[in-house]
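# A structural walkthrough
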Amino acid sequence: MAAMFKPAAAVLLAGVLAHAQPPAPTISKFDKGASLTMLRQIKADLRDNYFDKTYRGMDLDGVFGEAERRLKASSSSIETTTILADVLLRLNDSHTMFIPPDRVTRVDYGWAATIVGDEPFVLFVKEGSDARKKGMAQGDRILFWNRNEPNRRNLWQLNYYYTYIRPQVMQRVIVRKPGGAEQVLDIASKTEARPNQLSDFLEEILTSTEIKIDREQKHGDTLIWKYTAFGDRKAVERAMKIARGAKSLIIDLRGNGGGLVDTLNALVSHLFDREVHVVTETGRKGEKVERAKGRRDAFRGPLIVLVDSRSASAAEILARLVQVEKRGSVIGDRTAGAVMTSRVFPHALGIESIALYATSITVGDVRMSNGESLEHKGVTPDEILLPTGADMAAGRDPVLARALTLLGGAITAEQAGSLYRK
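Residues numbered from 1 in each chain as written. Predicted model: local features only at pLDDT ≥ 70, side-chain atom pairs only at ≥ 80, totals over all residues. Heavy atoms only, no water.

Turning our eyes to something else, we now look at the nonpolar core. The biggest cluster of nonpolar side chains holds 53 residues, and the ones touching the most others in it are Leu46, Val87, Phe98, Trp111, Met136, Tyr160 and Val173. Apart from residues lying up to four places away in sequence, valine 173 is in contact with Trp111, Met136, Ile142, Phe144, Trp145, Gln183, Val184, Leu185 and Ile187. Among the nonpolar cores identified, the runner-up in size contains 39 residues, and Phe272, Leu321, Val330 and Val339 belong to it. (Core = buried A, V, L, I, M, F, W, Y, C linked by side-chain atoms within 4.5 Å. Buried < 20%, exposed > 50% of the residue type's maximum accessible area, 1.4 Å probe, protein only. Contact = heavy atoms within 4.5 Å.)

Structure representation (structure tokens):
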């Protein structure tokens, strides 16, 4: 069964590592010993907590034995960190990864990428960043990021590696403008030299340099709710209270990476007047069924959910639930396919000087009421509608415009794009 696991992550990290960077510092005997200690802890976390006792067919002893041999032969700290990251990436599991020890340098690239359909685009560029100064803009088609061609399969790995394993002082990005012109951009990162604690790392996982603000606004008889993360359920209560005064509802989950199960259940309760089987989670201790109780004051009007490739976890579950229960329609792009339950296991290394590191381990397999798994599959919208690079560059939103039109409104993509900017 181990042969079924292609070392895609190892190939990717090797390719990223090959990108020209200043030589990595050589590793001391003490640090090499520390890396072996971390490897043993990573194996223990995986062995004791991973939801699948067969580890998806991976030969646990074989993979970790190979990693130990590579660590003993390693010659730099970046090489050891890459090896430690690779053992968990081999599972190709969206929620299982290595969180490295405190990093000395934090970087802000000033831009971010996204996938639209099957193509990579620049999602946003920060004001004042070197990326903006060099001419990068939202809607640019990304041809190469350093030596890699981003796609749906590897974009999350690129983000993980460049952010947490080996931050880049300088990056080369080749883009194609909406008009067809290609540009080679050598972009300097904004760096800050300071120790980073584990709490900083976890915060980075949950946040982004993209501005994310929940918004609720009326357009005619329709409430448009831009919901960015399943966090505090008070946001759900606030938005659904406003929805009681609307005839129809659009829940915009584009860019929503998920969050808390309790908050998901609270939102589901506001959309159904009966009990609903949300998901079944299977872990080491058996199955747990998540159900949401219906509400007498549940919103009963027409419902449309908007999604894109960054809609993940709880956002995907809600979108698919709306389809399965025939509660409404889903419009946009295929979602991320990252729907599992995970836990972070923190660890400390050292006595006088403490290094904090951790693992994120998938502890539960999540499936819909019909037994369907969304992991690596995502949710296919009822109507697939993708913005073009030109739409992104111009700030047009054809997806929101289409949803409003289906609910009886009259609005252009240009007008829809300006709604969130008000």
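Turning next to the pairing of strand β12 (residues 276-283). Here β12 pairs with strand β13 (residues 286-292) via 7 bridges, running antiparallel. Across the sheet, the residue bridging to glycine 283 is glycine 286, located in β13. Linkage of β12 to β13, two consecutive antiparallel strands, is achieved through a turn of 2 residues. Across 4 bridges, β12 lies against strand β17 (residues 355-368) in antiparallel orientation. The residue of β17 that forms the bridge with valine 279 is methionine 368. (Pairing = 2+ DSSP bridges. Helix = DSSP H or I, 4+ residues; strand = E, 2+ residues; numbered from the N terminus.)

Right, let's get into the pattern of salt bridges. A complete count under the given rule lists 33 salt bridges for this structure. The salt bridge involving arginine 90 is made with glutamate 66; its shortest N-O contact spans 3.7 Å. Placement of the pair is arginine 90 in the loop between α4 (77-89) and β1 (97-99) and glutamate 66 in helix α3 (residues 60-73), with a sequence separation of 24 residues. Look at glutamate 66 and you get partly exposed, because its relative accessible area is 29%. Across the pair arginine 70 and aspartate 86 runs a salt bridge, and its minimum N-O distance is 3.3 Å. Here arginine 70, found in helix α3, pairs with aspartate 86, found in helix α4; they are 16 residues apart in sequence, far enough to count as distant. Given the relative accessible area of 1%, aspartate 86 is considered buried. Through salt bridges that share partners, Glu66, Arg70, Asp86 and Arg90 make up one connected network. (Salt bridge = Lys/Arg side-chain N within 4 Å of Asp/Glu carboxyl O.)

Another aspect to go through is the packing of α4 against helix α6 (residues 155-165). One way to put it is that α4 packs onto α6 with a least axis distance of 12 Å and a crossing angle of 145 degrees. In the packing of α4 onto α6, the handedness of the crossing is right-handed. Contact residues: α4 offers Ile78, Thr81, Thr82, Ala85 and Leu89, while α6 offers Trp156, Tyr160, Tyr161 and Ile165. Tallied by class, residues from the contact of α4 with α6 come to 7 nonpolar, 2 polar and no charged. (Axes fitted to C-alpha atoms, helices over the stretch in contact; angles between N-to-C directions. Left-handed = near helix turned anticlockwise from the far one by under 90°. Nonpolar A, V, L, I, M, F, W, Y, C, P; charged D, E, K, R; others polar.)

The backbone of asparagine 92 shows a phi angle near 55 degrees, a positive value even though the residue is not glycine. On the basis of relative accessibility, which here comes to 37%, the residue asparagine 92 falls in the partly exposed class. Here histidine 376, not a glycine, exhibits a phi torsion of approximately 65 degrees, which is positive. Assignment of secondary structure puts histidine 376 in the loop between β17 and β18 (383-384).

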